[in-house]
Amino acid sequence: MPAEPNIFPFIPETITVHLGPPDSLARNVTVPFTDYVKNVASSEIYPTWLESALRANILAIISFALNRVYTEYYRSRGYDFDITNSTAIDQAFVEGRSYFENISQLVDELFSSYLRRPGFVEPLAAKFCNGTTVTCEGLSQWGSEELARQGYDSVDILRYYYGDDVEIVTDAPIRGITESYPGTPLRVGSTGPYVTIIQSALNRIGQNYPAIPKIDPVDGIFGPQTEAAVRTFQQIFSLTPDGIAGRATWYQIIRIYVGILRLAELQSQGQQQFFIGPYPQGLSEGSTGETVRRLQYMLSVLSEFYAGIPRVSETGTYDEATKNAVRALQQQFGLPVTGVVDPQTWDAIYEQFSGIENTVFDREVLFPEAQPGETATQFQQYPGQPLQPGSTDGGAAS
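Scoring rules and cut-offs
- Residues numbered from 1 in each chain as written.
- Predicted model: local features only at pLDDT ≥ 70, side-chain atom pairs only at ≥ 80, totals over all residues.
- Heavy atoms only, no water.
- Salt bridge = Lys/Arg side-chain N within 4 Å of Asp/Glu carboxyl O.
- Helix = DSSP H or I, 4+ residues; strand = E, 2+ residues; numbered from the N terminus.
- Buried < 20%, exposed > 50% of the residue type's maximum accessible area, 1.4 Å probe, protein only.
- Pairing = 2+ DSSP bridges.
- Contact = heavy atoms within 4.5 Å.
- Axes fitted to C-alpha atoms, helices over the stretch in contact; angles between N-to-C directions.
- pLDDT = per-residue confidence, 0-100.
- 1 Å grid on protein atoms, 1.4 Å probe; cavity = no way out; pocket = protein on both sides within 12 Å on 5 of 7 lines; lining within 4 Å.
- Points joined across faces, edges and corners; volume = space filled by probe spheres on them.
- Nonpolar A, V, L, I, M, F, W, Y, C, P; charged D, E, K, R; others polar.
- Polar contact = N/O pair within 3.5 Å; in protein donor to acceptor, adjacent residues only side chain to side chain.
- Core = buried A, V, L, I, M, F, W, Y, C linked by side-chain atoms within 4.5 Å.

**Things to note about the pattern of salt bridges**
Right, so step 1: The full count for this structure, using the stated rule, is 11 salt bridges.
Right, so step 2: Glu 227 is the salt-bridge partner of Arg 231, the closest N and O atoms lying 3.6 Å from each other. Highlighted residues: Arg 231 and Glu 227, both in helix α7 (residues 224-236), separated by four residues, approximately one helical turn.
Right, so step 3: Judged by its relative accessible area of 24%, Glu 227 falls in the partly exposed class.
Right, so step 4: For Glu 320, the salt bridge goes to Lys 323, with nearest N and O atoms at 3.0 Å. Highlighted residues: Glu 320 and Lys 323, both in helix α10 (residues 320-332), separated by three residues, approximately one helical turn.
Right, so step 5: Salt bridges here are not isolated pairs; linked through shared partners, they connect Glu 51, Arg 55 and Glu 109.

**Some words on the sheet that holds strand β4 (residues 83-84)**
Right, so step 1: Ordered by their spatial adjacency, three strands build an open sheet running β3-β2-β4, and the pairing between neighbours is mixed. For this open sheet the edge positions go to β3 (28-32) and β4, each flanked by a neighbour on one side alone.
Right, so step 2: Strands in contact with helix α1 (residues 33-44) are β2 (14-18), β3 and β4; relative to β3, the strand with the most contacts, it is inclined by about 105°.

**Comments concerning unusual backbone geometry**
Right, so step 1: The peptide bond linking Asp 216 to Pro 217 adopts the cis configuration, its omega dihedral lying at 10°.
Right, so step 2: Within the secondary structure, Pro 217 is located in the loop between α6 (193-206) and α7.
Right, so step 3: The phi angle at Glu 72 is positive, at roughly 50°, despite the residue not being glycine.
Right, so step 4: Exposure remark for Glu 72: the relative accessible area of 3% places this residue in the buried category.

**A few points about the confidence of the model for the protein chain**
Right, so step 1: Per-residue pLDDT for the protein chain averages 77, and the proportion of residues at 70 or more is 76%.
Right, so step 2: Mean pLDDT per element in the protein chain: helix α12 (residues 363-366) is the minimum at 35, and β4 is the maximum at 94.
Right, so step 3: For the stretch residues 268-285, pLDDT sits under 50, and the model shows 59 contacts to residues farther than four places along the chain or on other chains.
Right, so step 4: Below a pLDDT of 50 lies the segment residues 361-382, which in the model reaches 52 contacts outside its immediate sequence neighbourhood of four places, other chains included.

**Comments concerning the pairing of β2**
Right, so step 1: Counting buried positions along β2 gives four out of five residues, so the element sits mostly inside the fold.
Right, so step 2: Across five bridges, β2 lies against β3 in antiparallel orientation. Bridging from a neighbouring strand, His 18 pairs with Asn 28 of β3.
Right, so step 3: Inspection of the sheet shows β2 paired to β4 by two bridges, in the parallel sense. When the bridges of β4 are listed, His 18 appears paired with Thr 84.

**Some remarks on the layout of surface pockets**
Right, so step 1: Considering only enclosed or pocket space, the largest pocket measures out at about 1,400 Å³ in volume.
Right, so step 2: Every residue lining the largest pocket is counted, 45 residues in all, and those nearest its centre are Ala 88, Ile 89, Asp 90, Arg 311 and Ala 321.
Right, so step 3: At the level of secondary structure, the elements contributing two or more residues to the lining of the largest pocket comprise α2 (51-70), β6 (128-129), α9 (291-303) and α10.
Right, so step 4: It is α10 that contributes the most residues to the lining of the largest pocket, six residues altogether.
Right, so step 5: Among the residues forming the lining of the largest pocket, the class breakdown is 20 nonpolar, 12 polar and 13 charged.

**Here's the deal with the side chain of Ser 52**
Right, so step 1: Relative to the assigned elements, Ser 52 resides in helix α2.
Right, so step 2: A distance of 3.1 Å separates a polar side-chain atom of Ser 52 from the backbone oxygen of Tyr 152.
Right, so step 3: The residues contacting Ser 52, other than those within four sequence positions of it, are Ala 148, Tyr 152, Asp 153, Ser 154 and Ile 157.

**What about the nonpolar core?**
In summary, soluble globular proteins display a tendency toward joint burial of nonpolar side chains.
Right, so step 1: Grouped together as the largest cluster of nonpolar side chains are 44 residues, with contacts concentrated most on Ile 15, Tyr 36, Ile 58 and Tyr 162.
Right, so step 2: Put simply, the parts of the chain that give this core at least two residues each are β2, β3, α1, α2, α3 (101-110), β5 (114-116), α4 (141-149) and α5 (154-162).
Right, so step 3: Among the elements that make up this core, the one with the highest residue count is α2 (12 residues).
Right, so step 4: Residue contacts for Tyr 36: discarding those within four places in its chain leaves Ile 15, Val 17, Val 31, Ala 65, Ile 83, Gln 91 and Phe 93.
Right, so step 5: In this structure, Tyr 181, Phe 222, Ala 229 and Tyr 251 belong to the second largest nonpolar core, which totals 25 residues.

Okay, here's the thing in structure tokens:
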């Protein structure tokens, strides 16, 4: 049976780092993956910390980087690198720096391990921050050291921040593949593991898009069934419906496949926060509550389907990253690019989100049951005043 080089995660021999934000003119450097992890760990954490804290942080660093590689987060968007060194969106990497000896030894032990959720293939995009000047929904670096001093081991620390269901995968295979596209279009008559990838991914996507015909068996042979499935996929996602899996179709299939998995993971990470309490009105700077979190969640979902919209964290604070995502969405849908969520922008966001919700997941799967007195219209309603940088999520704290 042919191998599946992109369906299951692997440890890359090398990783290419862009030395700046994605659209900057900075250089790319390609380094061994273990050297990358040693560099980031030596830049992000302190060698004097207890070993359990160091292990937890290193596993988070590895998992985040592998998520970027596995999902081809940047390459599927046309970039020629795997990750950036911008700490606003990725991890700290300092070209040419030395490594701390104890950190280097731990990385040599742990580099083929990563985190994931039960039932998910992709490595967990394990967010982390220092926990002092910056906080996030993920591991607190200084907090992990405090937990270590309280006697927590590395698994306890990871489960404290990422949930009791987080798994640690060990001994992942190592490969030299950095880009999944096979180099030439796949068409009727093509055979091999890349065809298997397309067939497997389309069958998974077809669970949420029933119009895509099922390919049976998944045999690595590009025949009429596979051609029909590719053509239907292309029609759904506004690609040239020629039944040929060229670069654009290949990456759109992979992006949607991974996006569906990530949407399911978003479900497992806290969608119960939606529909909590009455919908807040009259948001203004200094307000607190859940509405900005709802906005950020919808933007995160849309970013999985529109490459131009950057992902945002669900912090509940309308920050610079949220403004940039809103601006990108406004540009995507022909709205005035202000970075402010006015009624027109809110309606556009909800309309796009609702369309994805209704086609990708059944409501009862995507959302928990509403509590008495809560309705879906609470999620759709415009908050009353524009949301802009400096605003925080409206509503009374509970």
